[in-house]
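Fold and geometry: a report
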Amino acid sequence: MEEIFTMAYELAPLPYDYAALEPFIDAETMKVHHDKHHQTYVNNLNAALAGHPELAAKPVDDLLRDLAKVPEEIRTAVRNNGGGHANHSIFWRLIGPVGSDGIGGSPTGPIAAQITADFGSYEAFKKTFNETAAKQFGSGWGWLVFQAGKLKVLSTPNQESPLSHGLYPILLNDVWEHAYYLKYQNRRADYLAAWWNVINWHEVNKRFVIAKG
Ligand code: MN
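Let us look at the structure shown here. Predicted, not measured: the structure shown is a model, and the values here were computed from it. (Residues numbered from 1 in each chain as written. Predicted model: local features only at pLDDT ≥ 70, side-chain atom pairs only at ≥ 80, totals over all residues. Heavy atoms only, no water.)

**Observations concerning the pattern of salt bridges**
Going by this rule: We define a salt bridge as a contact between a side-chain nitrogen of Lys or Arg and a carboxyl oxygen of Asp or Glu at a distance within 4 Å. Where helices and strands are cited, they refer to DSSP runs of H or I of at least four residues and of E of at least two residues respectively, numbered from the N terminus. For the exposure calls, accessible area comes from a 1.4 Å probe over protein chains only, and a residue counts as buried if that area is under 20% of its type's maximum, exposed if over 50%, partly exposed in between.
Enumeration according to the criterion identifies seven salt bridges in this entry. Lys127 serves as the salt-bridge partner of Glu131, at 3.1 Å between the closest nitrogen and oxygen. One end of the pair is Glu131 and the other is Lys127, both in helix H6 (residues 122-135) and four residues apart, which spans about a single turn. Arg187 is paired through a salt bridge with Asp190; the nearest N and O atoms lie 3.1 Å apart. With relative accessibility at 39%, the residue Asp190 sits in the partly exposed group.

**Observations regarding the packing of aromatic side chains**
Quick note on the threshold: A pair of aromatic rings is counted whenever rings of Phe, Tyr or Trp (Trp by its six-membered ring) have centres within 6.5 Å, and the orientation is called stacked for planes under 30 degrees apart, edge-to-face for over 60 and tilted otherwise. Our definition puts a charge over a ring when NZ of Lys or CZ of Arg is within 6 Å of the ring centre and also within 35 degrees of the ring normal.
Per the stated rule, a full pass over the model turns up 15 aromatic pairs. Ring geometry for Phe91 against Trp141: centres 5.7 Å apart, planes inclined by 80°, an arrangement best described as edge-to-face. One end of the pair, Phe91, is in helix H4 (residues 72-94); the other, Trp141, is in strand E1 (residues 140-147), and 50 residues separate them in sequence. Given the relative accessible area of 2%, Phe91 is considered buried. With a centroid separation of 5.5 Å and an interplanar angle of 80°, the aromatic rings of Phe146 and Phe208 are classed as edge-to-face. Remark: Phe208 occurs in helix H9 (residues 201-212) and Phe146 occurs in strand E1; sequence separation between them is 62 residues. The same class applies to Phe146 as to Phe208, namely buried. Positioned above the aromatic ring of Tyr184 is the side chain of Lys183, whose terminal nitrogen or guanidinium carbon lies 5.7 Å from the ring centre.

**Concerning the coordination of the manganese ion**
Rules: The rule for donors is simple: N, O or S, within 2.8 Å of the metal, or within 3.2 Å if the metal is Na, K or Ca. Water isn't counted, so a site may look like it is missing partners.
Taken together, the protein ligands of the manganese ion are His33 (NE2), His88 (NE2), Asp174 (OD) and His178 (NE2), with distances of 1.9 to 2.1 Å. If you list the donors of the manganese ion from N- to C-terminus, the spacing comes out as H-x54-H-x85-D-x3-H. Taken as a pair, His88 in helix H4 and His178 in the loop between strand E3 (171-174) and helix H7 (181-184) lie far apart in primary sequence, 90 residues in all. Each member of the pair, His88 as well as His178, carries the same accessibility label: buried.

Here is the structure:
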């Protein structure tokens, strides 16, 4: 009998407690966001790729880097759910427990110098990032990428990833209402302002080094 392999994508456990980001991001939001929303993207991605084992065997980032290789009838499902899986997988690691080494505070390492070079100051960078993310209409993400030798802030709608545009995400923030509604309701700007307190600058620096190539 032929052996059937199912190369399913899986949701990794959150690398810290749900309450570790309190009071900036509340435990209930983290639990629903990770266990329900992210799990749904994973489930839907697996469902979309059920008949495509050659695609399901690839890292999700590779699918997003080359969406043209994904058959048209499942391309939207892969863009949305593959994007949802990839984006959240980065997001959980780019934030971390309040009070831990390298979490919150001012940027450290090579990213600190690049922020100063390209934006003038950390405060100016935060303002640009928050304004860009705040202005994203409806659901989407704010991003920091490295393009043509400079840091660049942008936003995308829905679960669209910069990987699909040849750009490697260094930093990202989720501005879907599910990321903040339980605590902040309609106050996206307050959530954006609080979120900097849980940034993991070690992880940002790791991604910056890769982005620079
Ligand atoms: Mn989300």
